[in-house]
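Structure assessment
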Amino acid sequence: MESDRRNYRFGHLRVVLARAIPLLALGCAPGIPQGLSFEHQQLDLGVKMAGENITVRFPFQVGQQAVTIDGLRPSCGCLNPRVEIGADHRQALGVELSAGVFASVVAEFATAGFTGHKSVEIEVSGSGPGLPTT
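Residues numbered from 1 in each chain as written. Predicted model: local features only at pLDDT ≥ 70, side-chain atom pairs only at ≥ 80, totals over all residues. Heavy atoms only, no water.

A short note on the packing of aromatic side chains
Counted by the stated rule, this structure contains 2 aromatic pairs. Relative to Phe60, the ring of Phe38 has its centre 5.0 Å away and its plane inclined at 50°; by these criteria the two rings are tilted. Of this pair, Phe38 sits in strand β2 (residues 36-38) while Phe60 sits in strand β4 (residues 53-62), placing them 22 residues apart in sequence. An identical accessibility class is assigned to Phe38 and Phe60; each is buried. An angle of 35° between the planes, with centres 6.2 Å apart, marks the rings of Phe109 and Phe114 as tilted. You'll find Phe109 and Phe114 in the same group, each marked buried. (Phe/Tyr/Trp six-rings, centres within 6.5 Å; stacked < 30°, edge-to-face > 60°. Helix = DSSP H or I, 4+ residues; strand = E, 2+ residues; numbered from the N terminus. Buried < 20%, exposed > 50% of the residue type's maximum accessible area, 1.4 Å probe, protein only.)

Shown next, in the form of structure tokens:
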């Protein structure tokens with residue numbers, strides 16, 4: 001009963017990071033993307049309680065040509081995105097990413113005050129094959 005009251009009071013949130021970052025393979029040699037290649041394009045986080053802070057990751061690899069990610073613009077103030085390279089999680093905005101580099105777009109997603117379905121996007125700007133993208 002108490003948990004039912006808590007669920008009603010805080011509300012449920014169904015979170016889908018739809019089209020957050022599409023798979024880019026423009027002008028590719030067979031099997032090897034020229035630009036960025038993301039592991040997944042969207043995340044369905046299912047039903048969450050409003051107020052949870054969730055970390056989401058979009059791993060990617062740079063294809064045959066280097067790229068530079070200059071900015072990440074979220075569609076909502078609830079996202080705080082960054083680019084991380086390697087195990088030490090270095091920030092990478094404005095840094096050229098060489099061919100073959102593995103990195104991730106990581107976002108801290110704050111759900112305070114949300115109820116119902118929420119779908120958000122991240123616009124990735126920069127230079128190189130496949131950029132900018134959403």
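Quick word on the sheet that holds strand β8 (residues 96-97)
The strand order across the open sheet formed by 3 strands is β8-β5-β11, and the pairing between neighbours is antiparallel. Each of the sheet's edge strands pairs with one partner strand only, and the pair in question is β8 and β11 (122-127). In the sheet, strand β5 (residues 67-74) pairs with β8 via 2 bridges, with the strands oriented antiparallel. Within the sheet, the bridge partner assigned to Val67 lies in β8 and is Leu97. (Pairing = 2+ DSSP bridges.)

A closer look at the confidence of the model for the protein chain
Here the protein chain shows a mean pLDDT of 77. Residues at 70 or above account for 75%. Between the elements of the protein chain, mean pLDDT differs from a low of 46, seen in helix α1 (residues 2-10), to a high of 94, seen in β5. Contacts from residues 1-10, a stretch scored under 50 in pLDDT, to residues over four places away or in other chains number 8 contacts. The low-confidence segment residues 18-30 (pLDDT under 50) makes 38 contacts with residues lying over four places distant or belonging to another chain. (pLDDT = per-residue confidence, 0-100. Contact = heavy atoms within 4.5 Å.)

Looking at the sheet that holds β4
Strand order in this open sheet of 5 strands is β2-β4-β9-β6-β7, and the pairing throughout is antiparallel. At either end of the open sheet lies a strand with only one pairing partner, and these are β2 and β7 (90-91). Taken together, the 9 bridges between β4 and strand β9 (residues 102-110) define a ladder with antiparallel strand orientation. Counted as the bridge partner of Pro59 is Ser104 from β9.

A few points about the pattern of salt bridges
A side chain of one charge can pair with a side chain of the opposite charge when the charged atoms of the two come close. Across all of its chains, the model carries 4 salt bridges by this definition. Here Arg57 makes a salt bridge to Glu84, at a shortest N to O gap of 3.2 Å. Here Arg57 is found in strand β4, whereas its partner Glu84 is found in strand β6 (residues 79-85), with 27 residues between them in sequence. By relative accessible area, which is 35% here, Arg57 ends up partly exposed. Residues Arg82 and Glu108 are paired through a salt bridge, measuring 3.2 Å at the closest nitrogen-oxygen approach. Residue Arg82 is located in strand β6, and its partner Glu108 is located in strand β9; the two are separated by 26 residues in the primary sequence. Judged by relative accessible area, which is 19%, Arg82 ranks as buried. In the salt-bridge network here, residues are joined through shared partners; they are Arg57, Arg82, Glu84 and Glu108. (Salt bridge = Lys/Arg side-chain N within 4 Å of Asp/Glu carboxyl O.)

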